[in-house]
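Take a look at the letters that make up each chain.
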Amino acid sequence: MTSTAQNSTVRKPVRKLPKWATSFGVQIIAALIVGLILGLIAKSIGTGPKAAPNGLDTTLTTIGSSYVSLLQAAVVPLIFTAVVSSIANLSQVANAARLAWNTLLWFAITALIAVSIGIGLGLLFKPGAGTDKTAPASYTGKTGDWWSFLTGLFPKNFLGLGANSTVAQGAVTTSISFNVLQILVIAIVVGVAALKVGKAAEPFLKLNASALAVIQKLLWWVIRVAPIGTVGLIGHAVSTYGWDTIGSLGKFTVAIYAGLVLVLFVVYPILIRSHGLSIRAYFSGVWPAVQLGFVSRSSIGTLPLTQRVTERNLGVPRGYASFAVPLGATTKMDGCAAIYPAVAAIFVAQFFGIHLDLTQYLLIVLVSVLGSAATAGTTGAVVMLTLTLSTLGLPLAGVGLLLAIDPIMDMGRTAVNVAGQALVPTIVAKRQGILDLALYNAPRNGDPFADDTPAEDAAAVAGAADAADATSARDGELTRV
């Protein structure tokens, strides 16, 4: 009797899901498949009375838009605190000026390569040729300038916020918008000012670092539900745009994705190998961030994961990574600011039968290398495309031609953006002899969402004053993705 009672109290082993089933990458891939299927079903159902969307399409749209809204809600505080902390942390790194210069230089080098590929593919595929369309009557052929772009750098208030009110049926609705580029400028100025102030600014820098840690933790919670958001985003894109729209702009779509594939799987591996690093280790390390960038369409929303894999998987020192990755998330856009505007500008010119000369091709290169900050790390590249078309003097009506498939384009663009934002710090760290090669080549057998170690939490709270010491203290404690 006693033996039976004892046996009944023995707990049966709990069956756990296989490790592959709990992998973030597998969850994202599964969500992509589910979203694709649901999107096709929603498109086959069609619209309801008065062209109203069906219930499934409405549900997918709500899920996807809600997830993107959660990511965008963190944009303003994340950019400000991340950039201020990155500038403060860089001051604690040896050869900070050299690291900053090399980072910007490699940003420009990789952007130059990407835009050159974009121009080449645009000329090869001729995506807009043969339409027999003419330029709109409003088109004057004048070459635009950078004046509006430059004046847009100056914020009208401290947070770079704007308000727009509309009156409809006697009710006033006010929406708040923000200019990410202005926020970036504000954060850089505040960060530099804090360094110039010196010791008196240490409490501010510690408060900023603490705020950044809290914001990143909140964003981690949002990122954990990325598979659910993926179902809505992919399902809505397929249901809304389907294959018909892609087919009508098929050459353009193929040209863009051909460029993205060349940059991600040819150019980046060549750069990695030329620096004596393992291509396989790079892709296995950066892939979680690339996947999230693909579905979220936001470099800023992916920033915490990009920085984490750059440090934990690729072996870039935290003091340097905390400068380079946030800066890259706002200015390093090989997909949105190099390949896409190059092919899109050629498409618009060919679509309206406008001839581009050598000077205008050189302007495409200049805009792509120097103007990528205009994309500002949020979803979409409409600002960069508008800047490119206006600089070349092409009809801005061309923007509307490409908006229909922009979400589909943006997924691939953002994935390449994120990969490049991790690549450049890795290359610069290797060239400067500060890359942890043991960490770079270590097997990937951990959880990208594992909580920070106590040493990492201490570094986040302590801020710039002791970031370097905290980095060295935690080198042996990092968990692997």
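What you see is a predicted model, and the numbers here were worked out from it, not measured in a lab.

A. Representation of the overall build of the protein. Helix and strand content of the protein: 21 helices and two strands. Looking at the 481 residues of the protein, the share that counts as buried comes to 51%. The contacts of the protein with a sequence gap of at least 6 include a subset with a gap of at least 24, amounting to 84%. By element, 66% of the accessible surface of the protein is carried by carbon and sulfur atoms, the whole surface being about 21,700 Å².

B. Focus on a nonpolar patch on the surface. Together, Val261, Leu262, Phe265, Val266, Ile270 and Trp287 line one region of the surface with nonpolar side chains, adding up to about 510 Å² of accessible area. Per element, the largest residue contribution to the nonpolar patch is five residues, and it comes from helix H10 (residues 250–274).

C. Representation of helix H5 (residues 96–125). A rise of 1.5 Å per residue sets the reference length of H5, with its 30 residues, at 44 Å; its end C-alpha atoms lie 43 Å apart and thus fit the reference within 8%. Count one or two residues on from H5 and you reach lysine 126, which has phi positive near 50 degrees.

D. Just the packing of H10 against helix H11 (residues 279–296), in detail. The interhelical angle for the contact between H10 and H11, taken along N-to-C directions, is 145 degrees, at an axis separation of 11 Å. Between H10 and H11 lies a crossing of right-handed hand. Facing Tyr257, Leu264, Phe265, Tyr268, Pro269, Ile272 and Arg273 of H10, the residues of H11 in contact are Ile279, Tyr282, Phe283, Trp287 and Phe294. For the contact of H10 with H11, the per-class residue count stands at 11 nonpolar, no polar and one charged.

E. Inspection of the packing of H11 against helix H12 (residues 299–312) at higher detail. Two elements in contact, H11 and H12, have axes whose closest approach is 8 Å; the angle formed by their N-to-C orientations is 170 degrees. Taken together, H11 and H12 sit at an angle that is classed as roughly antiparallel. Judged by residue contacts, Gly285, Val286, Pro288, Ala289, Leu292, Gly293 and Ser296 of H11 engage Thr302, Leu305, Thr306 and Val309 from H12. Looking at the contact of H11 with H12 residue by residue, the classes come out as six nonpolar, five polar and no charged.

F. The pattern of salt bridges, seen in detail. By the definition in use, this model includes two salt bridges. In this structure, glutamate 311 and arginine 318 form a salt bridge, with 3.9 Å as the shortest nitrogen-oxygen distance. For the pair glutamate 311 and arginine 318, a shared accessibility class is recorded, and that class is buried. With a closest N to O distance of 2.9 Å, aspartate 410 and arginine 413 form a salt bridge. With a gap of three residues between them, aspartate 410 and arginine 413 both fall in helix H18 (residues 406–431), about one helical turn apart.

G. Quick peek at the nonpolar core. Counting 112 residues, the largest nonpolar core has Phe252, Tyr268, Tyr282 and Leu394 as the members making the most contacts within it. Examining the composition of this core, we find that 13 residues originate from one element, H18, more than from any other. Once residues within four sequence positions are removed from consideration, tyrosine 268 is found in contact with Val263, Tyr282, Asp334, Val416, Ala419, Gly420 and Leu423. In this structure, Cys336, Ala337, Val367 and Met384 belong to the second largest nonpolar core, which totals five residues.

H. Representation of the packing of aromatic side chains. Across all of its chains, the model carries seven aromatic pairs by this definition. Ring centres of phenylalanine 265 and tryptophan 287 lie 6.5 Å apart, and the angle between their planes is 45 degrees; on these two criteria the pair is classed as tilted. Here phenylalanine 265, found in helix H10, pairs with tryptophan 287, found in helix H11; they are 22 residues apart in sequence, far enough to count as distant. The partly exposed category is assigned to phenylalanine 265, whose relative accessible area is 42%. The partly exposed category is assigned to tryptophan 287, whose relative accessible area is 33%. The interplanar angle of 65 degrees and the centroid separation of 6.4 Å between the aromatic rings of phenylalanine 283 and tryptophan 287 together place this pair among those described as edge-to-face. In this pair, phenylalanine 283 and tryptophan 287 both sit in helix H11, four residues apart, roughly one turn of the helix. A relative accessible area of 15% places phenylalanine 283 in the buried class. Aromatic rings pair up to connect Phe252, Tyr340, Phe347 and Phe351 into one cluster.

I. How the structure looks around unusual backbone geometry. In this structure, lysine 126 takes a positive phi of about 50 degrees despite not being glycine. Judged by its relative accessible area of 46%, lysine 126 falls in the partly exposed class.

J. How the structure looks around the environment of threonine 62. Inspection of the secondary structure assignment puts threonine 62 in helix H3 (residues 55–73). Taking the C-alpha atoms as reference points, threonine 62 and histidine 236, separated by 174 residues in sequence, lie 9.0 Å from one another.

K. The arrangement of the environment of proline 341 in detail. Position of proline 341 among the secondary structure elements: in helix H14 (residues 335–351). On the accessibility criterion, proline 341 (0% relative accessible area) is buried. For the pair formed by proline 341 and valine 367, sequence separation is 26 residues and the distance between their alpha carbons is 9.1 Å.

L. A look at the confidence of the model for the protein. Here the protein averages 76 in pLDDT, while 68% of its residues score no lower than 70. When the criterion is pLDDT under 50, residues 138–144 qualifies, and its contacts beyond four places in sequence or with other chains add up to 14 contacts. Segment residues 453–481: pLDDT under 50, and 56 contacts once partners within four positions in sequence are set aside and those in other chains are kept.

M. Broad picture of the environment of leucine 71. Among the secondary structure elements, leucine 71 is positioned in helix H3. Distance from leucine 71 to leucine 218, taken between C-alpha atoms, is 9.9 Å for residues 147 residues apart in sequence. Residues in contact with leucine 71, not counting those within four places in the same chain, are Leu219, Val222, Ser296 and Gly301.

About the criteria used
Residues numbered from 1 in each chain as written. Predicted model: local features only at pLDDT ≥ 70, side-chain atom pairs only at ≥ 80, totals over all residues. Heavy atoms only, no water. Helix = DSSP H or I, 4+ residues; strand = E, 2+ residues; numbered from the N terminus. Buried < 20%, exposed > 50% of the residue type's maximum accessible area, 1.4 Å probe, protein only. Contact = heavy atoms within 4.5 Å. Areas by Shrake-Rupley, 256 points an atom, 1.4 Å probe, with all protein chains shown as cover. Patch = residues over 30% accessible without salt bridge, like charges linked within 9 Å, V, L, I, M, F, W, Y side chains within 5 Å. Salt bridge = Lys/Arg side-chain N within 4 Å of Asp/Glu carboxyl O. Expected span 1.5 Å × (residues − 1). Axes fitted to C-alpha atoms, helices over the stretch in contact; angles between N-to-C directions. Left-handed = near helix turned anticlockwise from the far one by under 90°. Nonpolar A, V, L, I, M, F, W, Y, C, P; charged D, E, K, R; others polar. Parallel < 35°, antiparallel > 145°, perpendicular 65-115°, else oblique. Core = buried A, V, L, I, M, F, W, Y, C linked by side-chain atoms within 4.5 Å. Phe/Tyr/Trp six-rings, centres within 6.5 Å; stacked < 30°, edge-to-face > 60°. pLDDT = per-residue confidence, 0-100.

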